[in-house]
Each structure stands twice: as structure tokens, then as C-alpha cells.
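Here's the letter readout for the chains.
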Amino acid sequence: MRPRPFSVTLHHNRKQEVLASDKSQDSEQNRGVGMAGRLALPEFDLSCSICCEIFRDPVVLKCSHSFCAPCLQRYWTQGPQRRDCPLCRSQSVDDPVPSLTLRNLCEAFIQEGEGPEETGGELHCEPGEMCPLHGERLKLYCVPDEEPICVVCHTSRKHKQHDCCPVGEAVVLVKAKMKSALNSMMEKRGAFDKMKKNYEDTVECIQVQARFVERRTREEFEKLHSFLDTEEEARMEELKREEEQKSRALRQKIEEMAGDIASVSESIRVLEEEIALQGISVLHKCKTSLARASSPMEDPVMPAGALIDVASYLGSLNFHVWEKMLQTVKFNPVTLDPNTAAPWLVLSEDLASVCDSDEKRKLPDNPERFDPDTGVLGRESFTSGKHAWVVNVGQNTAWVVGVAKESVRRKEKVSSVLKNGYLGVYFYHKMYFAGTSPLTRLNPKRNPQRIRVQVDCEKGRVSFYDPHDNTHIYTFKHAVTERVFPYFWVGCQQCPLTLEPLEVSVKAVEYF
């Protein structure tokens, strides 16, 4: 036998209960009723809940709880004037029935030497099995207070009206609750692990996005720099040509002017010499000299436009360069938002076209993203005003274009119908439909290659047209009560949906 780890002295003049700490080493030859009872039921289960001793003349109530007959009668006579079960408080109208089987088990247990022995009123038990207030064994469990109690505690004012159950039943129930709590915590840990992995994937995606935006930004600015460098060089070349042309013309004028100056200088010299002569010789040469001096010669003048037209180069320079730049840039009224695109969709680098694919990309499961539905939203949103954009559907065999409310469910596959927050026209199985509930079959005169979407928030209208001949396709009459986004769904891999750019211009405001 192992040494008993703990002992406590009991009062109330009752006999000692002895807990056997190791009963597995009994001989296999002790097979009778007593051996069977001792192995099947430990001393704890053969003890009366009132006197805490082995049953004497055990009786059983209708609620299936057993007690010593004298203990039960004493409890009924000393306690309140009612016949209730000391454990479950259920009323017992019928007389208690003797339990012969339980009495045989108790007698067999005592004969095997495991019954109560007079040992000076000491009871050996494990720590925590005894009530610290009454010194009784903790055989009951108070459900409201969630603590084990003894029979005396059960009759006390603190626990008198409380629901109680045997400790064995309570252990089973508490363990079930603990297992449920354990499963819940394990599920929560799994959710945390999953979200942690999603956060890690999101960090990687952010880095990929940053590098992509950095590369595309540099490419676009390189285009702008290239355009500005080319424009600057062209203007410098034009300035240089004008400078050379006008300088050459003036140098030619200077050469011509030098000849005229030499001729006039010669005439002046001759006249000065003849004026210096004396007498009749002056008269002989004056006719020739005067004729030379009076020969016709135009006065020199500065030609018009001789200077460089500085104003043409510098006047509103930035504006004219910007105006010319518009011929090389594109403007899309709608830009696809990659953070909303389903993992199967492939977006172009300029975020202007989208198509389906067989491969699901590894992307963060952020709340804005459509998954599993293969949809994507535009970056722009509308709550007021008028807006329009054109989608080139081409030969795409499965598509939806229109608008979606901000509140649409993005983590489940739903049909693109009005009641789910979508206002769109779609093409599937070579048929056109409007996303009403039920669906409205459309029969356009021709298969449109382009669809123009027009949104009028004030009037609550979302209309669809064929830009080829401005043919009306369908109009939703639905009040815009929340933010709406351009919506695209695509189920074709061969032909993408492409947003067409708008023509833009620069105009100066004129005052009259």
C-alpha cells in the first residue's frame, strides 16, 4: 500500500472512513460478490451522503438517490416538515424502498476488510476532498455557485435553495464544458494563425505593389521627360534656325551696305578734290562731278521682321506645351481597382482591361476583394452628378458591366441582380439580360461591340447604350441611396474587357 498523503480529524462522533489508495494488487482468486463489489464500486460510491459511512440498511428514493434508512428518517424528522431528497430536493411521496443489492455490496465490502475501522476518528483522503467549514466529505456540487460542497453546506442558508448534483456528475459536466471551451480556444487559435498568415501574405503583397507602382511611375515619368526633352530640343532647333536665317539676311545687307558706302565715299573724295581747284578748271569738271553726286540712291532702311519673335517662343510656354502633351496622353474616366479584383482575374498594367484565367493568384484575402465571384470594381465611386464610360466587350463571350453598391457581398458567389446590389447588363450563352429580378431578356438589333454606361445619380437612372449608333439598350430606374462603383464581371479568357479613354482638350476661359 502507498503511504496516505493527507489526513484530517473528523468530528460529530462518526466512524472513520478509509480510502484505499491502491486496490489493483488484490489476488485474482478473490472472485465473489465482495470482490466484484469492491472492484466495481469504490468506498466513495458505497457511502451514505448524510453520515458519510458505508450504507447501513440502504434505501432508495424515487429519484434514484440512496441513503441509510436511519439517516434518512433522522433527516426528515429533524429538518423541515417535508419529505424531500437531501441531494436533489425532489419531493418523495412514496416510502423509500430497501436496496438489497446495495446492502449485499456493502456487506461484501466490509467482509473484505475495506469497511470502516475505529481508528480514533481520523479519515485519510486526498487534499481538497473535505469541506474546510464542516469537515465533511465534498460529495455535492452547487451549480449556481460552481463549487463543491458537503451535505451540511447543502442544508445551510447559503446553498439551501440552490440546484446541486453529485460530484461525479458535476465532474463529467464540467469536463464537457472545459472540452467545449478548449475546442473554442483551439478554433480561435486556428483563426489567429490563419489571419497571421494572411497578414504576412499582405505584407509581401504590399511590397510587390510598391515595386510595381514604383516601376510604372518611373516609366510614365520617363515618357513625360522624353516628351519634354524632345519638345525642348525641337524649340531650341527652331530658335537656332530662325537665328541663323535672320543673321544671314542681315549680314548680306551689311555687305551690300559696305559697297554703297564705298561708292559714296569715292564720290565725296572727287568732289572735295574738284572743290579745291582754282579758276576755270572747276567749270570744266563740274558737270561730271555734279552728275555723279546726283545719281539716284535709296536711303538705307531696317527691313521688317528682322528680329527674333521672342513672344512666339515664350508666350504661355507651359500652356502650349501642356496642350501639345494632351495628344500623347490618355484619360480613362474609370480605373480598375486591383485590390477588389478576384484572384482569377488578370488586369493590364495600365488598369484599363481585365480578362479571366485558370490560375488563382496568391493574393491577400482583404475585405474589398471579390472571391470566389470573378468581379472587379472601378476605383472611382459616385453619390451625385452624371457619369459615363465606354467598355469595349469585343468578342468576349461572358461579361457583365454596370454598377455595384458599396454594400454588395464580396465573399460569396451571388447573381448580379438588382436585389443583391447590382445594376448591370450581361451577356452569357449568346443571350443578353438586364439584371432585374426576375431577369429581363434583351434583344438588341445587333451584337454591340462596345457598351456605354451612363449614371445619373440625381434622377436615379443607370442606362446602357450602343455607342455605334447610340441605340438604347436598357435603363434601370433605381434611386442611388449609397455609394456606387463601376462593376465588371468577366468569364472569358480569350478577349478582355477594355475601358476606352476619353478625348480631352485644354481651353482658356474667355471674358466678354
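Because the structure is a prediction, the values reported are computed rather than measured. (Residues numbered from 1 in each chain as written. Predicted model: local features only at pLDDT ≥ 70, side-chain atom pairs only at ≥ 80, totals over all residues. Heavy atoms only, no water.)

## What about the overall build of the protein chain?
Inference 1: For the protein chain, the count of helices and strands is 8 helices and 21 strands.
Inference 2: When each of the 512 residues of the protein chain is scored for burial, the buried share is 34%.
Inference 3: Contacts in the protein chain between residues far apart in sequence, at least 24 positions, make up 60% of those at least 6 positions apart. (Helix = DSSP H or I, 4+ residues; strand = E, 2+ residues; numbered from the N terminus. Buried < 20%, exposed > 50% of the residue type's maximum accessible area, 1.4 Å probe, protein only. Contact = heavy atoms within 4.5 Å.)

## Let's talk about the sheet that holds strand β19 (residues 471–477)
Inference 1: Taking strand neighbours across the sheet as the criterion, the 7 strands line up as β9-β10-β21-β12-β17-β18-β19 in an open arrangement whose pairing is antiparallel. Each of the sheet's edge strands pairs with one partner strand only, and the pair in question is β9 (346–347) and β19.
Inference 2: Pairing of strand β10 (residues 353–355) with strand β21 (residues 497–499) involves 2 bridges; the strand directions are antiparallel. Counterpart to S353 in the pairing with β21 is T498. (Pairing = 2+ DSSP bridges.)

## A short note on the packing of aromatic side chains
Inference 1: For the coordinates displayed, the defined rule picks out 9 aromatic pairs.
Inference 2: Each ring, one from Y422 and one from Y487, has its centre 4.7 Å from the other, and the planes form 55°; the classification is tilted. Taken together, the positions of Y422 in strand β14 (residues 422–428) and Y487 in strand β20 (residues 484–490) put the pair 65 residues apart, joining distant regions of the chain. (Phe/Tyr/Trp six-rings, centres within 6.5 Å; stacked < 30°, edge-to-face > 60°.)

## Comments concerning the sheet that holds strand β4 (residues 97–98)
Inference 1: Taken in spatial order, the 3 strands of this open sheet run β3-β2-β4, and their pairing is antiparallel. Unpaired on one side and paired on the other, β3 (66–68) and β4 mark the two borders of the sheet.
Inference 2: On the sheet, helix α2 (residues 69–78) packs against β2 (58–60) and β3 and is oriented at approximately 90° with respect to β3. (Axes fitted to C-alpha atoms, helices over the stretch in contact; angles between N-to-C directions.)

## Looking at the packing of helix α5 (residues 167–275) against helix α6 (residues 281–293)
Inference 1: Viewed as axis vectors pointing N to C, α5 and α6 meet at an angle of 160°, and their least axial separation amounts to 10 Å. The pairing of α5 with α6 is recorded here as roughly antiparallel in orientation. Relative to α6, the crossing made by α5 is left-handed. Contact with α5, carried on its side by S267, V270, L271 and E274, involves V282, K285, S289, R292 and A293 of α6 and no other residues of that element.
Inference 2: Looking at the contact of α5 with α6 residue by residue, the class counts come to 4 nonpolar, 2 polar and 3 charged. (Parallel < 35°, antiparallel > 145°, perpendicular 65-115°, else oblique. Left-handed = near helix turned anticlockwise from the far one by under 90°. Nonpolar A, V, L, I, M, F, W, Y, C, P; charged D, E, K, R; others polar.)

## Notes on a negative patch on the surface
Inference 1: On the surface, a cluster of negative charge is contributed by D229, E232, E233, E237, E243 and E244.
Inference 2: Among the structural elements, E233 can be located in helix α5.
Inference 3: With relative accessibility at 47%, the residue E233 sits in the partly exposed group. (Patch = residues over 30% accessible without salt bridge, like charges linked within 9 Å, V, L, I, M, F, W, Y side chains within 5 Å. Areas by Shrake-Rupley, 256 points an atom, 1.4 Å probe, with all protein chains shown as cover. Salt bridge = Lys/Arg side-chain N within 4 Å of Asp/Glu carboxyl O. Lys, Arg positive; Asp, Glu negative; His and termini not counted. Charge placed at Lys NZ, Arg CZ, Asp CG, Glu CD.)

## Observations concerning the pattern of salt bridges
Inference 1: Enumeration over the complete set of coordinates arrives at 24 salt bridges.
Inference 2: The shortest N-O distance in the salt bridge between R211 and E214 comes to 3.1 Å. With R211 and E214 both in helix α5, this residue pair falls 3 residues apart, about one helical turn.
Inference 3: Since its relative accessible area comes to 34%, E214 is described here as partly exposed.
Inference 4: Its salt-bridge partner being D466, residue R446 comes within 2.6 Å of it at the nearest N-O pair. In this pair, R446 is assigned in the loop between β16 (440–442) and β17 (450–456) and D466 in strand β18 (residues 461–466), connecting sequence segments 20 residues apart.
Inference 5: A single salt-bridge network, built from bridges that share partners, covers R215, R216, E219, E220, K223 and E349.

## Some remarks on the environment of E412
Inference 1: Here E412 shows up in the loop between β13 (399–405) and β14.
Inference 2: Distance from E412 to D373, taken between C-alpha atoms, is 6.8 Å for residues 39 residues apart in sequence.

## A few points about the pairing of β14
Inference 1: Within β14, 6 of the 7 residues are buried, which leaves it mostly tucked inside the rest of the structure.
Inference 2: With 6 bridges connecting them, β13 and β14 associate as antiparallel partners. Its bridge partner being in β14, G402 is matched across the sheet by G424.
Inference 3: Across 4 bridges, the pairing between β14 and strand β15 (residues 431–434) is antiparallel. Residue pairing across strands places F427 opposite Y432, the latter belonging to β15.
Inference 4: Linking β14 to β15, which pair antiparallel, is a turn of 2 residues; within it H429 sits at a positive phi near 55°.

## Structural notes on the confidence of the model for the protein chain
Inference 1: Residues with a pLDDT of 70 or more make up 88% of the protein chain, whose mean pLDDT is 83.
Inference 2: With pLDDT under 50 throughout, residues 1–40 is counted as low confidence; its partners more than four residues away or in other chains account for 75 contacts.
Inference 3: Contacts from residues 114–123, a stretch scored under 50 in pLDDT, to residues over four places away or in other chains number 27 contacts. (pLDDT = per-residue confidence, 0-100.)

## Regarding the nonpolar core
Inference 1: Judged by nonpolar contacts, the single largest core of 48 residues is most densely connected at W389, F464, F488 and L497.
Inference 2: Per-element accounting of this core gives the leading share, 6 residues, to β20.
Inference 3: The next biggest cluster of nonpolar side chains, apart from the first, holds 27 residues, and it includes V59, L61, C71 and C164. (Core = buried A, V, L, I, M, F, W, Y, C linked by side-chain atoms within 4.5 Å.)

## Comments concerning the state of the cysteines
Inference 1: Applying the stated criterion across every chain, the model contains 0 disulfides.
Inference 2: Its sulfur unpaired, C63 is 3.6 Å from the next cysteine sulfur, which belongs to C85.
Inference 3: Using a relative accessible area of 26% as the deciding quantity, one classes C63 as partly exposed.
Inference 4: A disulfide-free cysteine, C492 has its sulfur positioned 6.0 Å from the sulfur of C495, the nearest such atom. (Disulfide = S-S within 2.5 Å.)

## Digging into α6
Inference 1: An ideal rise of 1.5 Å per residue puts 18 Å on 13 residues; α6 measures up with 18 Å between its terminal C-alpha atoms.
Inference 2: Remark: the principal bend of α6, roughly 35°, maps to K287. (Expected span 1.5 Å × (residues − 1). Bend = angle between axes of the 7 residues up to and from the residue.)

## A closer look at unusual backbone geometry
Inference 1: Following D371, the chain continues into P372 via a peptide bond in cis, with omega recorded as 20°.
Inference 2: On the secondary structure map, P372 appears in the loop between β10 and β11 (375–377).
Inference 3: We note that D57 has phi near 50°; this positive angle belongs to a residue other than glycine.
Inference 4: Tracing the backbone through its elements, the reader meets D57 in the loop between α1 (33–40) and β2.
Inference 5: One non-glycine residue with positive phi stands out, namely N470, at about 60°.
Inference 6: Considering the arrangement of structural elements, one finds N470 in the loop between β18 and β19.

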